[in-house]
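In case you want the letters, here they are:
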Amino acid sequence: MASASLLKSSPVLDKSEFVKGGQTIRVPSLATVRCHPTTAPSALIVRASAYADELVKTAKTVASPGRGILAMDESNATCGKRLASIGLENTEANRQAYRTLLVSAPGLGQYISGAILFEETLYQSTTEGRKMVDVLVEQNIVPGIKVDKGLVPLAGSNDESWCQGLDGLASRTAAYYQQGARFAKWRTVVSIPNGPSALAVKEAAWGLARYAAICQDNGLTPIVEPEILLDGEHGIDRTFEVALKVWSEVFYYLAENNVLFEGILLKPSMVTPGAECKEKATPQQVADYTLKLLHRRIPPAVPGIMFLSGGQSEVEATLNLNAMNQSPNPWHVSFSYARALQNTCLKTWGGRPENVKAAQDVLLLRAKSNSLAQFGKYTGDGESEEAKKGMFVKGYVY
């Protein structure tokens, strides 16, 4: 289907409009700013968030030099899989112990500016009885929250998915803000082996835009994350082609929904070949393709590009980030890693209290390595074999 067809949308009347006698009547609203162009025949309605200044401040804080995001928002079920890999039962006490290890690592805030939490964690206390949120804030780390409800099959598509969670999102984000969260994360995915279909791309872009607008209305800076999955045998050129299309759709619908670009963060995939492609890409090739994508599609108004690792090894994700920071660009190009920060840390801990400090040291080492990569100063020297192991899982969900 031609891409232009995706850009057509039916006109939607907002709450300040209604139709009477075949004419659209606009009703003044305190929630909108009315502009009166001298040449346009009708007024232009622009939505303005009461939290605009705070949204921008949060985005800039998270996108601060040498720092990135620790993504620790795995659902309880996925956290259980992590614990099972080291022989631990999936209980709240074990999840609490591991999350306490992460948030209380001394000096973590030097390299980590934001932490994405699962809902249980946002309301959870550490093993010492202190609120997880308070521990993060004391380390100068902004608490964030995963707000989507997961992927489900997209009817009418080529075995693709869409992300649910818009129902009730306004009330949930308002409650999360009261609990101390200041940014949000919503993950939807696009699959190259399955198309992607025009329907799936449009659904991903529209869902992200609605989520972002709702978050901004309730004080949370939204992370916009349409993940292009690593699954497939395709080369890097195909990934680049799909990424161009996806990001053009995303920013079209963000604009349609009056999302404040200065008050968002992006969490894209790096442009890489499919995980099963025989031709591997060097860090320089990944950087060249990814930066070309950013320059063609991302407005300079966006403060931070916080890349996901998507199943890359810890070292691979850091090397690729480092290559992207070898030259200046208009954005803060950094990281939002989960497994690429936690994998060796988790295995070092092994569920044993006597290993907590050693595990925290490993976490700090990985965070510091990515901090250096954000400055373009990472060398990769002295990395362990464990850190070099790939973590790609076909059809990965969490």
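Remember, predicted model here, so these are calculated numbers, not experimental data.

Draft legend 1. Region of interest: the overall build of the protein. The helix and strand inventory of the protein stands at twelve helices and 14 strands. When burial is assessed residue by residue, the protein has 55% of its 398 residues classed as buried. Considering only intrachain contacts with a sequence separation of at least 6, the fraction spanning at least 24 residues in the protein is 78%. Of the accessible surface of the protein, which amounts to about 17500 Å², a share of 54% is contributed by carbon and sulfur atoms.

Draft legend 2. The nonpolar core, seen in detail. Y211, F251 and L254 are the most contacted members of the largest nonpolar core, which totals 106 residues. For this core, the element with the most residues is helix α8 (residues 236–256), which contributes eleven residues. Residues within four places of F251 in sequence aside, it is in contact with F261, I264, L266, R297, I298, P299 and V302.

Draft legend 3. Highlighting the packing of aromatic side chains. What the rule picks out here adds up to nine aromatic pairs. Ring centres of W186 and Y211 lie 5.3 Å apart, and the angle between their planes is 25°; this geometry places the pair in the stacked category. Pair noted here: W186 is in strand β10 (residues 183–190) and Y211 is in helix α7 (residues 198–217), with a separation of 25 residues, a long-range link. Given a relative accessible area of 1%, W186 falls into the buried group. Look at W247 and F251: their rings are 5.9 Å apart centre to centre, the planes differ by 35°, and that puts the pair in the tilted class. You can see W247 and its partner F251 sitting in helix α8, four residues apart, about one turn around the helix.

Draft legend 4. Quick look at unusual backbone geometry. Here the bond from G195 into P196 is cis, since omega is -10°, no more than 30 degrees from zero. By the secondary structure assignment, P196 is in the loop between β10 and α7. Phi at D159 takes a positive value of approximately 55°, unusual for a residue other than glycine. Counting through the fold element by element, D159 comes out in the loop between β8 (151–153) and β9 (161–163). Phi is positive for N258, which is not a glycine, with a value near 55°. Among the structural elements, N258 can be located in the loop between α8 and β12 (265–266).

Draft legend 5. Spatial organisation of the pairing of strand β7 (residues 142–146). Summarising burial for β7: five of the five residues are buried, a large majority. When strand β6 (residues 112–117) meets β7, the two strands line up parallel, connected through four bridges. Within β7, the position partnered with L117 by the bridge is I145. With three bridges joining them, β7 and β10 adopt parallel strand pairing. Its bridge partner being in β10, I145 is matched across the sheet by A184.

Draft legend 6. Seen up close, the confidence of the model for the protein. On average, residues of the protein carry a pLDDT of 87, and 84% of them reach 70 or more. Predicted confidence for residues 1–38 stays below pLDDT 50, and this span has 54 contacts to residues more than four positions away or in other chains.

Draft legend 7. Quick peek at the pairing of strand β5 (residues 68–72). Counted residue by residue, β5 has five buried out of five residues, so it is predominantly covered. Pairing of β5 with β6, which is carried by five bridges, proceeds in the parallel orientation. Bridged to G68 within β6 is I112. Relative to strand β14 (residues 332–337), β5 is paired through two bridges, and the arrangement is parallel. Bridging from a neighbouring strand, I69 pairs with S336 of β14.

Draft legend 8. Quick peek at empty space enclosed by the protein. For the structure on display, the rule yields six cavities of 30 Å³ or more. The computed volume of the second largest cavity comes to approximately 70 Å³. If you trace the second largest cavity, you find it lined by E227, I228, L229, L230, S269, M270, T272, L308, S309, G310 and Q312.

Draft legend 9. Region of the structure containing α7. Between its first and last C-alpha, α7 extends 29 Å over 20 residues, near the 28 Å set by a 1.5 Å rise per residue. Summarising burial for α7: 14 of the 20 residues are buried, a large majority. In the segment just after α7, G219 is the residue with positive phi, at about 90°.

Draft legend 10. A look at the environment of I112. Tracing the backbone through its elements, the reader meets I112 in strand β6. Each C-alpha atom of the pair I112 and N140 lies 8.5 Å from the other, and the pair is 28 residues apart in sequence. Every residue in contact with I112, bar those within four places of it in the chain, is listed here: R67, G68, I69, L70, N140, I141, F335, L341 and A367.

Draft legend 11. Just the pattern of salt bridges, in detail. One pass over the structure, following the stated rule, counts eleven salt bridges. In this structure, the salt-bridge partner of D361 is K357, at a minimum N-O distance of 3.0 Å. Placement of the pair is D361 and K357 together in helix α12 (residues 356–374), with a separation of four residues, close to one helical turn. The partly exposed category is assigned to D361, whose relative accessible area is 38%.

Draft legend 12. The arrangement of the sheet that holds β7 in detail. What the eight strands build is a closed barrel, ordered β5-β6-β7-β10-β11-β12-β13-β14; its pairing is parallel. Helix-sheet contacts for α12 involve β6 and β14, and the interaxial angle to β14 is about 160°.

Calculation notes
- Every chain is numbered independently, its residues counted from 1 as its sequence is written.
- pLDDT decides what is reported in this predicted model: residues at 70 or higher carry local features, side-chain atom pairs at 80 or more are listed and counted, and totals for whole chains, interfaces and linings draw on all residues regardless.
- Note that water and hydrogens are dropped before the side-chain values are worked out from all heavy atoms of the structure.
- In this description a helix means any DSSP run of H or I spanning at least four residues, a strand means any run of E spanning at least two, and both kinds are numbered starting from the N terminus.
- Relative accessible area decides the class of each residue, using a 1.4 Å probe on protein chains only: under 20% of the type maximum gives buried, over 50% gives exposed, and in between gives partly exposed.
- Contact criterion: two residues are considered in contact whenever any of their non-hydrogen atoms come within 4.5 Å of each other.
- Accessible surface is estimated by sampling points in the Shrake-Rupley manner with a 1.4 Å probe; for residues, cover comes only from the protein chains shown.
- What makes a nonpolar core is a set of buried Ala, Val, Leu, Ile, Met, Phe, Trp, Tyr and Cys residues whose side-chain atoms join them at distances within 4.5 Å.
- Only Phe, Tyr and Trp rings are paired, with Trp represented by its six-membered ring, and only when their centres lie within 6.5 Å; those with planes under 30 degrees apart are stacked, over 60 edge-to-face, the remainder tilted.
- Each pair of strands is called paired provided DSSP finds at least two bridges between the two strands.
- Predictor confidence is given residue by residue as pLDDT, running from a minimum of 0 to a maximum of 100.
- Every definition here rests on a 1 Å grid over the protein atoms only: cavities are sets of points where a 1.4 Å probe fits but cannot get out, pockets are open sets enclosed by protein on both sides within 12 Å along at least five of seven lines, and lining residues have some atom within 4 Å of a point.
- Grid points are joined across faces, edges and corners, and a volume is the space filled by probe spheres set on the points.
- In this scheme, a helix's expected span is set at 1.5 Å multiplied by one less than its residue total.
- Any carboxyl oxygen of Asp or Glu that lies within 4 Å of a side-chain nitrogen of Lys or Arg is treated as forming a salt bridge with it.
- Whenever a helix is involved, its axis is fitted only over the stretch in contact; in every case the axis is a line through C-alpha atoms, and angles between N-to-C directions fall within 0 to 180 degrees.

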